[in-house]
Amino acid sequence: MIGQKWMIFTVGEALSKTVAKSLQKAAGIVSTTLAHAFFATFLVGLVQASVGFIVAKRQNRRVLDTRQNVIGACLFGLFAMAITALGFATFVYEGDIGVSVFLITLSIIPGALIDRVFFKHPLVGRQWIGMAIGILAGYVILGSPSLREASTLPVWVWMSIAIAVMLAINQAITQKIQNIDPFVKNFWGGVVQVVLGGAGTLILGKGFTASISQDRLLTLVAVSVIVGFIVVAMWTFNLFAYRGGGTIALKKLVMNAVYLITAMFAGIVFFQESLTPGKVFGVVLYLVSFILFDPSTWKTVTARLKLKNA
């Protein structure tokens, strides 16, 4: 399985996510205000909109799609803007990469609830157990805080949880506009990020340049542009993974596992974050939660176990 093409591209997708998250932390370290996070979001959106427009035109796709698709893509971009801004802001407030990524991957929980309420997708007992284990994993990785400690968790923790919720909302939006071309979607989403990211920069940007040195500002610009192009790499790896024969179930399991592990590794090696037993145990619990929760992953894993025991 490791030598198969889909596995290589899936690992590439996960590593792209880790690099992007590491660069966001680097940008957060040199940033001093939320205005810088909005400015970074503006630049990321500019790259996405530009690449989306160019590729869509080269593929002879209509950028002006149906009203539902355009509105959906713009809503997607609205939440993507907030996700990107919070992604940078998380590290302005000294967030931990490993813990932040872990909390974000728990978007499967609000996603399941949205599916149940709005798309009438029922949840079986096994999935409820998986959700409970996922919540337990989040509790463990945060250091098993008491109720009093939970009320005083750092702001970056709540930002990461907010990102997870908005990722779930964007998955619901994607279901509604699933027939849209991905580059057309990213064009409109990028445009929204450019407009709102620029507006946020202007509104919050009093003393924008005075609060950051020229060298740090150049670093922020460079990192933001690179993150924008890394998003394009993620699209490519995701597409090629499926073309290489990857199944949705195994791809998601491998991608999330590699993303979690490499993100924690990057935090430890490059940013001197600590490796705690809670982090290790939390990752194990998350993988168990995901297998129980995701129907296709459950079927694939149990089928493979039956074959081995046969």
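Definitions and cut-offs
Residues numbered from 1 in each chain as written. Predicted model: local features only at pLDDT ≥ 70, side-chain atom pairs only at ≥ 80, totals over all residues. Heavy atoms only, no water. Helix = DSSP H or I, 4+ residues; strand = E, 2+ residues; numbered from the N terminus. Buried < 20%, exposed > 50% of the residue type's maximum accessible area, 1.4 Å probe, protein only. Contact = heavy atoms within 4.5 Å. Areas by Shrake-Rupley, 256 points an atom, 1.4 Å probe, with all protein chains shown as cover. Phe/Tyr/Trp six-rings, centres within 6.5 Å; stacked < 30°, edge-to-face > 60°. Lys NZ or Arg CZ within 6 Å of the ring centre and 35° of its normal. Core = buried A, V, L, I, M, F, W, Y, C linked by side-chain atoms within 4.5 Å. Patch = residues over 30% accessible without salt bridge, like charges linked within 9 Å, V, L, I, M, F, W, Y side chains within 5 Å. Salt bridge = Lys/Arg side-chain N within 4 Å of Asp/Glu carboxyl O. Axes fitted to C-alpha atoms, helices over the stretch in contact; angles between N-to-C directions. Parallel < 35°, antiparallel > 145°, perpendicular 65-115°, else oblique. Left-handed = near helix turned anticlockwise from the far one by under 90°. Expected span 1.5 Å × (residues − 1).

It is worth spelling out the overall build of the chain at this point. Within the chain, the regular secondary structure consists of 13 helices and zero strands. In sequence order, the chain lays out its α and β elements as α-α-α-α-α-α-α-α-α-α-α-α-α. Counting the 310 residues in the chain, one finds 50% classified as buried. Partitioning the contacts of the chain with sequence separation of at least 6, the portion at a separation of at least 24 is 89%. A total accessible area of about 15,500 Å² is found for the chain, and carbon and sulfur atoms account for 69% of it.

Now for the packing of aromatic side chains. Applying the stated criterion across every chain, the model contains four aromatic pairs. Clustering of aromatic rings is evident, with ring pairs tying together Phe53, Phe187 and Trp188. Its guanidinium or amino end placed over the ring of tyrosine 259, lysine 17 lies 5.8 Å from that ring's centre, counting from NZ or CZ.

Moving on, we get to the environment of alanine 168. Take alanine 168: it is sitting in helix 8 (residues 155-176). Using a relative accessible area of 4% as the deciding quantity, one classes alanine 168 as buried. The spatial distance from the C-alpha of alanine 168 to the C-alpha of isoleucine 104 is 9.8 Å, given a sequence separation of 64 residues. Setting aside chain neighbours within four positions, we find alanine 168 in contact with Ser107, Pro110, Gly111 and Ile114.

Before going further, it helps to examine unusual backbone geometry. Both trends apply: most residues other than glycine have a negative phi, and most peptide bonds are in trans. The backbone of asparagine 60 sits at a positive phi, close to 60 degrees, despite the residue not being glycine. Assignment of secondary structure puts asparagine 60 in the loop between helix 2 (34-58) and helix 3 (67-92). Positive phi outside glycine occurs at glutamine 272, with the angle close to 55 degrees. Assignment of secondary structure puts glutamine 272 in the loop between helix 11 (248-271) and helix 12 (277-293).

Here we take up the nonpolar core. In terms of nonpolar packing, the biggest core is built from 36 residues, with Phe102 and Tyr286 touching the most fellow members. At the level of secondary structure, the elements contributing two or more residues to this core comprise helix 1 (5-30), helix 4 (97-105), helix 5 (108-118), helix 6 (125-141), helix 8, helix 11 and helix 12. With eight residues, helix 11 is the single largest residue contributor to this core. What phenylalanine 102 contacts, discounting residues up to four positions off in sequence, is Ala137, Gly138, Ile141, Leu260, Gly282, Val283 and Tyr286. Counting residues in hydrophobic clusters, the runner-up holds 14 residues, among them Phe76, Ile177, Ile180 and Phe187.

Judged by side-chain polarity, Leu34, Tyr93, Val155, Ile203 and Leu204 come together as a nonpolar surface patch covering roughly 460 Å² of accessible area. Checked against the element boundaries, leucine 34 lands in helix 2.

Glancing now at the packing of helix 2 against helix 3. To characterise two packed helices, one gives the angle between the axes of the helices and the distance between these axes. Relative to each other, helix 2 and helix 3 sit at 130 degrees, their axes nearing to 8 Å. On the basis of their axis angle, the class for helix 2 and helix 3 is oblique. For helix 2 against helix 3, the interelement crossing comes out right-handed. Residues Leu34, Ala37, Phe38, Ala40, Thr41 and Val44 of helix 2 lie in contact with helix 3, whose contacting residues are Met81, Thr84, Ala85, Phe88 and Ala89.

Among the structural elements, threonine 18 can be located in helix 1. In this structure threonine 18 touches Tyr259, Thr262, Ala263 and Ala266, once residues within four positions along its chain are discounted.

Among the secondary structure elements, aspartate 181 is positioned in the loop between helix 8 and helix 9 (182-204). Here aspartate 181 falls in the buried class, since its relative accessible area comes to 13%. Between the C-alpha atoms of aspartate 181 and alanine 56, which are 125 residues apart in sequence, the distance is 8.0 Å. Those residues in contact with aspartate 181 that lie beyond four places of it in its chain are Gln59 and Arg61.

Our next topic: the pattern of salt bridges. Throughout the structure, instances matching the rule amount to one salt bridge. A salt bridge links aspartate 96 to lysine 279; the shortest N-O distance between them is 3.0 Å. Of this pair, aspartate 96 sits in the loop between helix 3 and helix 4 while lysine 279 sits in helix 12, placing them 183 residues apart in sequence. Exposure class is identical for aspartate 96 and lysine 279. Each is buried.

In this model helix 12 runs 24 Å from its N-terminal to its C-terminal C-alpha over 17 residues, within 8% of the 24 Å that 1.5 Å per residue would give. Inspection of helix 12 places Gly278, Lys279, Gly282, Val283, Leu285, Tyr286, Ser289, Phe290, Leu292 and Phe293 among the buried residues, and these make up the whole buried set.

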